[in-house]
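Read off the chains here:
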Amino acid sequence: MTLQSGRLSQVKIYMIGIKGTGMAALAELLVHEGAEVSGSDVADQFYTDAILKKNSIPVFQGFDANQVPYDAELIIYSSAYDPQTHPELQRVLTLELPMMEYSAALAAYSRSIPFAAVAGVHGKTTTTAMIGTMIRRLELPAKVLVGSGVSNFQGSPTYSGGNDFFVAETCEYRRHFLNFNPQVCLITSIEADHLDYFENEADVRFAFTQLMEKLPPGGTVVYCADDPGAKQTVESYASGNPGLNYIPYGFSSGETELEPLRSYRISNHRVESGSQSFTLERVPGAVQPRNPDSVGRPVSGEPARRDIRLQYPGVHSVLNAAGALALLESIVSLGGESAGSIGFDDLSDALGQFTGTTRRSEVVGQAKGITIIDDYAHHPRAIAGTLQGFRDFYPGRRIVVDFMSHTYSRTFALKDEFAQCFQAADVLVLNDIYASAREENRWGIRGEDLAEAVSRNHSHVHYIPDFSGAAEFAQKHLQSGDIFVTMGAGDNWRVGRMVLNALEARSS
């Protein structure tokens, strides 16, 4: 069968690994299309359990071959599972049921609607959520899929407002984003990561080059000019591929040898306690759009300028906001009847309404004068930028961080970078390395090794491998006025909940 929007009513779909962030988001999108969705996953509780419950999606706890519905019209499975060894997928193969890996299924769905892909080593989730916030606020006839719950969507990871276009977060790991055929792509950042799969940073950059090669003639690349990897990769590709539209954004968007279609320049960045503001200017380029039909409504050649205020921390968030607006002005079919009067000022106003996503600078709660925040940052540059954002956003407050490094391969390859990225934290607790199911520790790296490396550059580092010990330490040492941050792509967010529950119990 084909996953085509508008043709999925009562189609029976079974999803293996349905609690994954992307899988749960796709499940919600399919339910909105009228599909009959069910699935299976481990018994552990995740934030996606609430998403699945809200959509009345039945979920089996654990993986049992007998759970697979013999009359399923499509099986969608998480890329974390091997069809040759997973019990349910082996049953699927025996029954000869149609099956698709998650990213391939999302890509197949995207082909039925004009599509924009948001990609980048980091920043893609928040950027996609910002795009979705503008789309929802302005009631544009579009769909959005984010790899996290979005506050502006009442905690859902998707928004379904129509079929004029579709925007989704896409992942570079194992080159999953090459399943897609976008008309527009946004690249937030490129640097060495996922080194259990990629050979080195050059291999990561080549993957993004391959993504740009998927664009049709006259397609559009929106990219962050302040990110060295994104700038160098895109502009190197552009020198030999002039048939696309190139749109840089950032503080340094004017510093390019390209002839961009237009650029989005940030200036006058100001941070206050609890908010930040900046000026965003749209600067017309000297070139005419290549194949204007491929990018929807032509954007006015006139310059535009607007002050924008965000109730969200970090310079990286300012960059994400500029990229989100730049992409949405470039999106396919934006000029539909309901969107014909939408302009730069409307988008800027809508962008200021963004209030965040799950696990991205998420304020979990406050108790006894202590603010508890959870953040997904797990790459050294993202960690440094996020913590500095908290330092600026919450001036004069002590920042205590509990960090769990994600994957042995990343910890080993980037140990020197990790050793230097926590400078904005006053106190740092390091948990044991998160042992991802996708790899074994063939590098021999230990949590103690990371703690030793970080201790050379930071005077207040504590290696506490288990969550209960970390939560105990935090409860003893946190003071009124502190910011307590759980950080990483593992499950140490549980530490923040444990601390919050203990603090609230003391207050009652």
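Relevant structure appears above.
The paragraphs below set out a description of the structure included in this document. (Residues numbered from 1 in each chain as written. Predicted model: local features only at pLDDT ≥ 70, side-chain atom pairs only at ≥ 80, totals over all residues. Heavy atoms only, no water.)

### Here we look at the environment of tyrosine 197
Here's step 1: Tracing the sequence through the fold places tyrosine 197 in the loop between β10 (184–187) and α6 (201–213).
Here's step 2: Between the alpha carbons of tyrosine 197 and histidine 460 there is a distance of 34 Å; along the sequence they are 263 residues apart.
Here's step 3: Setting aside residues up to four positions removed in sequence, tyrosine 197 forms contacts with Tyr173, Arg174, Arg175 and Asp203.
Here's step 4: Within polar-contact distance, the side chain of tyrosine 197 engages the side chain of arginine 175 at 3.1 Å. (Helix = DSSP H or I, 4+ residues; strand = E, 2+ residues; numbered from the N terminus. Contact = heavy atoms within 4.5 Å. Polar contact = N/O pair within 3.5 Å; in protein donor to acceptor, adjacent residues only side chain to side chain.)

### Structural notes on the sheet that holds strand β2 (residues 36–41)
Here's step 1: Ordered by their spatial adjacency, 5 strands build an open sheet running β3-β2-β1-β4-β5, and the pairing between neighbours is parallel. Both outer strands of the open sheet, β3 (59–61) and β5 (99–101), are each paired with one neighbouring strand and no more. If you compare each strand with its neighbour and ignore which way they point, the axes differ by 20° on average.
Here's step 2: One ladder, built from 5 bridges, connects strand β1 (residues 12–16) with β2; its direction is parallel. Counted as the bridge partner of isoleucine 16 is serine 40 from β2.
Here's step 3: Helix-sheet contacts for helix α1 (residues 21–32) involve β1, β2 and β4 (74–77), and the interaxial angle to β1 is about 170°.
Here's step 4: Packed on one face of the sheet, helix α4 (residues 102–110) meets β4 and β5 and runs near 100° to β5. (Pairing = 2+ DSSP bridges. Axes fitted to C-alpha atoms, helices over the stretch in contact; angles between N-to-C directions.)

### Focus: the packing of helix α5 (residues 124–137) against helix α9 (residues 344–351)
Here's step 1: Where α5 meets α9, the closest approach of the two axes is 8 Å, and the angle between their N-to-C directions is 115°. When the interaxial angle is binned, α5 and α9 end up roughly perpendicular. You can see that α5 and α9 cross each other, and the crossing is right-handed. Packed against α5, whose contacting residues are Met130, Thr133, Met134 and Arg137, the element α9 presents Leu347, Ala350 and Leu351 at the interface.
Here's step 2: Residues of the contact of α5 with α9, tallied by class, amount to 5 nonpolar, 1 polar and 1 charged. (Parallel < 35°, antiparallel > 145°, perpendicular 65-115°, else oblique. Left-handed = near helix turned anticlockwise from the far one by under 90°. Nonpolar A, V, L, I, M, F, W, Y, C, P; charged D, E, K, R; others polar.)

### Structural notes on the packing of α5 against helix α8 (residues 315–329)
Here's step 1: Where α5 meets α8, the axes come as close as 8 Å, and the angle between the chain directions of the two elements is 50°. Between α5 and α8, the interaxial angle falls into the category oblique. Both α5 and α8 take part in a crossing whose hand is right-handed. Residue-level inspection shows Thr126, Thr127, Met130, Ile131, Met134 and Ile135 of α5 in contact with α8, the latter providing Ser317, Asn320, Ala321, Gly323, Ala324, Leu325, Leu327 and Leu328.
Here's step 2: Of the residues contributing to the contact of α5 with α8, the split by class is 9 nonpolar, 5 polar and no charged.

### Thoughts on the sheet that holds strand β14 (residues 275–284)
Here's step 1: Reading across from one edge, β8-β7-β9-β6-β10-β11-β12-β13-β14-β15 is the order of the 10 strands in this open sheet, with mixed pairing throughout. The sheet terminates laterally at β8 (158–160) and β15 (304–310), the two strands that pair on one side only. Each adjacent strand pair in this sheet contributes to an overall mean axis angle of 15°, direction not counted.
Here's step 2: Strands in contact with α5 are β6 (115–119), β7 (142–145), β8, β9 (165–169), β10 and β15; relative to β9, the strand with the most contacts, it is inclined by about 155°.
Here's step 3: α9 rests against β13 (262–272), β14 and β15 of the sheet, and its axis sits at about 10° to β15.

### Focus on helix α7 (residues 228–240)
Here's step 1: Taking 1.5 Å of rise per residue, the 13 residues of α7 would be expected to cover 18 Å, and the 19 Å separating its terminal C-alpha atoms lies within 8% of that figure.
Here's step 2: All buried positions along α7 are accounted for by Gly229, Ala230, Thr233, Val234, Glu235, Tyr237 and Ala238.
Here's step 3: Buried residues in α7 make contact with β10, α6, β11 (220–224) and β12 (245–250). (Expected span 1.5 Å × (residues − 1). Buried < 20%, exposed > 50% of the residue type's maximum accessible area, 1.4 Å probe, protein only.)

### Here's the deal with the nonpolar core
The nonpolar side chains of soluble globular proteins are, as a tendency, buried together.
Here's step 1: Core analysis: the largest hydrophobic core is formed by 56 residues, its most contacted members being Leu3, Met15, Leu30, Ile76 and Ile187.
Here's step 2: With 7 residues, the single largest contributor to this core is α1.
Here's step 3: The contacts of methionine 15, once residues within four sequence positions are left out, are Met23, Leu26, Ala27, Leu30, Val37, Ser38, Gly39, Ser40 and Ile76.
Here's step 4: If you look at the next biggest cluster of nonpolar residues, it comprises 49 residues, including Val287, Ile308, Ala324 and Leu328. (Core = buried A, V, L, I, M, F, W, Y, C linked by side-chain atoms within 4.5 Å.)

### Structural notes on the pairing of β12
Here's step 1: Within β12, 6 of the 6 residues are buried, leaving the element largely enclosed by the surrounding structure.
Here's step 2: What you see with β12 is no split at all: Asn245, Ile247 and Tyr249 on one side and Tyr246, Pro248 and Gly250 on the other are buried throughout.
Here's step 3: The sheet contact formed by β11 and β12 spans 5 bridges and is parallel. Opposite valine 222, over in β12, you have isoleucine 247 as the bridge partner.
Here's step 4: Crossover β11 to β12 through α7 is right-handed.
Here's step 5: The pairing of β12 with β13 spans 2 bridges and is parallel. Note on β13: the bridge partner recorded for glycine 250 is arginine 265. (Right-handed = clockwise from strand over helix to strand, strands pointing away.)

### Some remarks on unusual backbone geometry
Here's step 1: At arginine 175, a residue that is not glycine, the phi angle is positive and equals roughly 60°.
Here's step 2: The residue arginine 175 is located in the loop between β9 and β10 in this model.
Here's step 3: For serine 361, which is not a glycine, the phi torsion comes out positive at approximately 50°.
Here's step 4: For serine 361, the location among the structural elements is in the loop between α9 and β16 (362–367).

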